[in-house]
Amino acid sequence: QVQVAESGGGLVQPGGSLRLSCVVSGNIFSIYTMGWYRQAPGKERELVAVITSIGTTQYEEFAKGRFTISRDSAKNMVNLQMNRLKPEDTAIYYCNADVAQPGDDDAYNYWGQGTRVTVSS
């Protein structure tokens, strides 16, 4: 089995920063693309940023210049540093990973339970 666990959410004032972390654990052969998505109240889940196994990154427009995704492959971890946060960044943030377990013929997509980020004064 594969588990995906996020941490680091919370309440922050506008203009503040938060760092989200996500650890993938379990019976893992390899982890490919990892990423962060978010879902605001009443809205669809949307991509925030992704990072490949070789470190290539992609950001949605709203995240460019404010958010930084990074990964520590030795720890099966992906982080999201969020700076200059705005009230519209309020959402549940989900970690996502493409993981192959030993014996798998392909990678499968796994989601965490999410961590809540609230940006408010």
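Scroll up to find the structure this text is about.
Definitions and cut-offs
- Residues numbered from 1 in each chain as written.
- Predicted model: local features only at pLDDT ≥ 70, side-chain atom pairs only at ≥ 80, totals over all residues.
- Heavy atoms only, no water.
- Disulfide = S-S within 2.5 Å.
- Helix = DSSP H or I, 4+ residues; strand = E, 2+ residues; numbered from the N terminus.
- Buried < 20%, exposed > 50% of the residue type's maximum accessible area, 1.4 Å probe, protein only.
- Salt bridge = Lys/Arg side-chain N within 4 Å of Asp/Glu carboxyl O.
- Pairing = 2+ DSSP bridges.
- Axes fitted to C-alpha atoms, helices over the stretch in contact; angles between N-to-C directions.
- Polar contact = N/O pair within 3.5 Å; in protein donor to acceptor, adjacent residues only side chain to side chain.
- Contact = heavy atoms within 4.5 Å.

(A) How the structure looks around the state of the cysteines. Under the defined criterion, the tally for this structure stands at one disulfide. Across the disulfide, cysteine 22 is cross-linked to cysteine 95 (sulfur-sulfur distance 2.0 Å). Since a negative S-S torsion denotes a left-handed disulfide, the cysteine 22-cysteine 95 link at about -80 degrees is left-handed. Taken together, the residues span a long stretch of sequence, with cysteine 22 in strand E3 (residues 18-26) and cysteine 95 in strand E9 (residues 91-100) at a distance of 73 residues. Residue cysteine 22 shares its accessibility class with cysteine 95, and that shared class is buried.

(B) Representation of the pattern of salt bridges in the model. By the definition in use, this model includes four salt bridges. With its nearest N and O atoms 2.8 Å apart, the salt bridge here joins arginine 38 to glutamate 46. The shortest N-O distance in the salt bridge between glutamate 61 and lysine 64 comes to 3.2 Å. The class for lysine 64 is partly exposed, based on a relative accessible area of 46%.

(C) Here's a closer look at the sheet that holds strand E8 (residues 77-82). The strand order across the open sheet built from four strands is E1-E3-E8-E7, with neighbouring strands paired in antiparallel fashion. Edge positions in the open sheet fall to strand E1 (2-7) and strand E7 (67-72), since each of these has one partner strand only. The mean angle between the axes of side-by-side strands here comes to 15 degrees, regardless of whether they run parallel or antiparallel. Inspection of the sheet shows E7 paired to E8 by six bridges, in the antiparallel sense. Opposite arginine 71, over in E8, you have valine 78 as the bridge partner.

(D) Layout of the side chain of glutamine 101. Mapped onto the secondary structure, glutamine 101 falls in the loop between E9 and strand E10 (108-111). A distance of 3.1 Å separates a polar side-chain atom of glutamine 101 from the backbone oxygen of asparagine 27. Setting aside chain neighbours within four positions, we find glutamine 101 in contact with Gln1, Val2, Asn27, Phe29 and Tyr110.

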